[in-house]
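Below are the chains, spelled out letter by letter.
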Amino acid sequence: MNADRPVGVFDSGLGGLTVLAELTRALPGEDFLYLGDTARLPYGSKSPRIVERYAREVADYLIQKDIKMLVIACNTATAHAEQTLAQELKIPVVGVIQPGVDALLARTRNRRVGVLGTRSTIKSGAYANRIQAQDRELQVYSKECPLFVPLVEEGWTDRRVTRLVIQEYLSELKREDVDTVVLGCTHYPLLKETIQSEFPELRLVDSSEETAKAVRAKLESEALLADRPRGAVRIYLTDMTHQ
């Protein structure tokens, strides 16, 4: 396989750009093709069957662009389609959930951890199941945070209303003495500083950073690292408004 081929990355919209940013930082010599399925976002409110169908369609498009690896930069799509895509595609597939789980397990001190995510991701049990498959003694507290994505999309990452929502969602985890939380949606790292200022004692796991590390490790193990000083990034969207 030609190592100079691009890495394909997709998300339901623009939240996955947080993953892309970490990928370009960790792998500056790689070419990346990013597809944001903005015409059909958000995935987080869709059924698992529909999310899997969308993920297959997006993956097919990127495969036609001759990618060497597929990165699912969407927690919901990872939860509902990673296993299917990994079985069906002839290239490596990396999702955002397992890297976040691995970091969460490594960083917790009191073995009481939290997962923040969309309704679909939380209801899928993707994080909780993987965490407890690796350590059944861990206490896992999952929290749906449906208002985080619209707040980020509105650009309200540090408004009073955002801080109130953060307090509402995370106060329950604080009462349960959770010490480490994974940000289980690619939009959520944009709230990381605000969350940390409201709950400074919490250890936050950014799945975007952890995914970039996992992608680099996978490319190295498969001898697929590109040999160039600087790569290119192309971004595709399935819909674009001018509002």
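From a predicted model like this one, the values you see are computed outputs, not experimental measurements.

K.L.:
Account for the overall build of the protein, naming residues and giving values.
P.N.:
Across its full length, the protein carries 10 helices and nine strands. The C-alpha radius of gyration computed for the protein amounts to 17 Å, which stays within 12% of the reference 18 Å derived for 243 residues, consistent with globular compactness. The buried share among the 243 residues of the protein stands at 52%. A fraction of 76% describes how many contacts in the protein between residues 6 or more apart in sequence connect residues 24 or more apart. Accessible surface computed for the protein: about 11,500 Å², of which carbon and sulfur atoms make up 47%.

K.L.:
Residue-level account of the pattern of salt bridges, with values.
P.N.:
Evaluated as defined, the whole model comprises 25 salt bridges. Ionic pairing is found between Glu-172 and Lys-143, a salt bridge with its closest N-O pair at 3.3 Å. Remark: Lys-143 occurs in strand 6 (residues 139-144) and Glu-172 occurs in helix 8 (residues 160-175); sequence separation between them is 29 residues. Through salt bridges with shared partners, a single network forms among Asp-37, Arg-40, Arg-53 and Glu-57.

K.L.:
Just give me the short version of the packing of aromatic side chains, but keep the residues and values in it.
P.N.:
Throughout the structure, instances matching the rule amount to four aromatic pairs. Here Tyr-61 and Tyr-236 contribute two aromatic rings whose centre-to-centre distance is 5.9 Å and whose plane-to-plane angle is 75°, an arrangement assigned as edge-to-face. With Tyr-61 in helix 2 (residues 48-64) and Tyr-236 in strand 9 (residues 233-237), this residue pair connects regions lying 175 residues apart in the sequence. Overall, Tyr-61 belongs to the partly exposed group, its relative accessible area being 32%. With centroids separated by 5.1 Å and ring planes inclined at 70°, the aromatic side chains of Phe-148 and Tyr-169 adopt a geometry described as edge-to-face. Of this pair, Phe-148 sits in helix 7 (residues 148-153) while Tyr-169 is found in helix 8, placing the two residues 21 residues apart along the sequence. Lying across the ring of Tyr-54, Arg-40 places its NZ or CZ 3.9 Å from the centre.

K.L.:
Give a detailed account of helix 2, specifying residues and quantitative values.
P.N.:
Note on helix geometry: an α-helix contains 3.6 residues per turn, so any two residues three or four positions apart are oriented the same way. Here helix 2 spans 24 Å end to end across 17 residues, near enough to the 24 Å set by a 1.5 Å rise per residue. The elements touched by buried residues of helix 2 are strand 1 (7-11), strand 2 (32-36), strand 3 (69-72) and helix 3 (75-88). Positive backbone phi, at 65°, marks Asp-66, one or two positions downstream of helix 2.

K.L.:
Explain the packing of helix 1 (residues 17-26) against helix 10 (residues 207-221) to me, and be specific about the residues and the numbers.
P.N.:
For the pair helix 1 and helix 10, interaxial distance at closest approach is 8 Å and the crossing angle is 45°. The orientation of helix 1 relative to helix 10 falls into the category oblique. In this structure, helix 1 meets helix 10 at a crossing whose hand is right-handed. Seen from helix 1, the contacting residues are Thr-18, Val-19, Glu-22, Leu-23 and Ala-26; seen from helix 10, they are Ser-208, Glu-209, Thr-211, Ala-212, Val-215 and Arg-216. Considering only residue class, the contact of helix 1 with helix 10 consists of five nonpolar, three polar and three charged.

K.L.:
So what's going on with the sheet that holds strand 4 (residues 93-95)? Which residues, and what values?
P.N.:
One open sheet accounts for five strands, arranged 4-3-1-2-9; its pairing is parallel. Two strands bound the open sheet, and with one partner strand each, they are strand 4 and strand 9. Averaged over all pairs of adjacent strands, the angle between their axes in this sheet comes to 20°, without regard to strand direction. Bridge count between strand 2 and strand 9: five bridges; the pairing is parallel. The residue of strand 9 that forms the bridge with Gly-36 is Leu-237.

K.L.:
Let's hear about the environment of Asp-37: which residues, and what values?
P.N.:
Of note, Asp-37 is situated in the loop between strand 2 and helix 2. The residues touching Asp-37, leaving out its near neighbours within four places in the chain, are Asp-11, Ser-12, Gly-13, Tyr-43, Tyr-54, Val-58 and Thr-238. Engagement of the side chain of Asp-37 in a polar contact is seen with the side chain of Tyr-43, the distance being 2.6 Å.

Conventions used here
- Residues numbered from 1 in each chain as written.
- Predicted model: local features only at pLDDT ≥ 70, side-chain atom pairs only at ≥ 80, totals over all residues.
- Heavy atoms only, no water.
- Helix = DSSP H or I, 4+ residues; strand = E, 2+ residues; numbered from the N terminus.
- Rg over C-alpha atoms; globule rule 2.2 N^0.38 Å.
- Buried < 20%, exposed > 50% of the residue type's maximum accessible area, 1.4 Å probe, protein only.
- Contact = heavy atoms within 4.5 Å.
- Areas by Shrake-Rupley, 256 points an atom, 1.4 Å probe, with all protein chains shown as cover.
- Salt bridge = Lys/Arg side-chain N within 4 Å of Asp/Glu carboxyl O.
- Phe/Tyr/Trp six-rings, centres within 6.5 Å; stacked < 30°, edge-to-face > 60°.
- Lys NZ or Arg CZ within 6 Å of the ring centre and 35° of its normal.
- Expected span 1.5 Å × (residues − 1).
- Axes fitted to C-alpha atoms, helices over the stretch in contact; angles between N-to-C directions.
- Parallel < 35°, antiparallel > 145°, perpendicular 65-115°, else oblique.
- Left-handed = near helix turned anticlockwise from the far one by under 90°.
- Nonpolar A, V, L, I, M, F, W, Y, C, P; charged D, E, K, R; others polar.
- Pairing = 2+ DSSP bridges.
- Polar contact = N/O pair within 3.5 Å; in protein donor to acceptor, adjacent residues only side chain to side chain.

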